[in-house]
Amino acid sequence: VPNDQHDTKYVVLSLEQYQLPTGKLRYHWNQIGEGSLVGSFIALRLQLIETPLFLCLFPEKREAAESAIDPHLMNNPKMQGVKI
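Everything quoted here is computed from the prediction, not taken from an experiment.

**Student:** What exactly am I supposed to notice about the sheet that holds strand 1 (residues 9-19) here?
**Tutor:** Across the sheet, which stays open at both edges, the four strands sit in the order 1-2-3-4 with antiparallel pairing between neighbours. Looking along the sheet, the strands with just one partner apiece sit at the ends: strand 1 and strand 4 (53-56). Strand-to-strand twist in this sheet, taken as the mean axis angle between neighbours without regard to direction, amounts to 35°. For strand 1 and strand 2 (residues 25-38), the ladder comprises eleven bridges, and the chain directions are antiparallel. Looking across to strand 2, one finds that Lys9 is bridged to Ser36.

Structure, rendered in structure tokens:
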């Protein structure tokens, strides 16, 4: 989900479903990570996974290849230790 304050930031959410004692179903969203725009990818940092995951925004296009990630963006401190 895009972050309201930053155009290049994202919030990673998970949906939890639970049932009340009355039998009615309820839903709750939990924030489980954050993402940031890196070239034509979103780098997802999840709480339970040490290495970021990359979500390609345009998988059907040629520029979606790993080479589309700008190496200068990888110097971001949040991206330390990331292997592509």
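Having seen it, we continue.
**Student:** How should the side chain of Ser36 be read in this particular structure?
**Tutor:** Within the secondary structure layout, Ser36 lies in strand 2. Residue Ser36 is classed as buried on the basis of its relative accessible area, which comes to 16%.

Rules and cut-offs
- Residues numbered from 1 in each chain as written.
- Predicted model: local features only at pLDDT ≥ 70, side-chain atom pairs only at ≥ 80, totals over all residues.
- Heavy atoms only, no water.
- Pairing = 2+ DSSP bridges.
- Helix = DSSP H or I, 4+ residues; strand = E, 2+ residues; numbered from the N terminus.
- Axes fitted to C-alpha atoms, helices over the stretch in contact; angles between N-to-C directions.
- Buried < 20%, exposed > 50% of the residue type's maximum accessible area, 1.4 Å probe, protein only.

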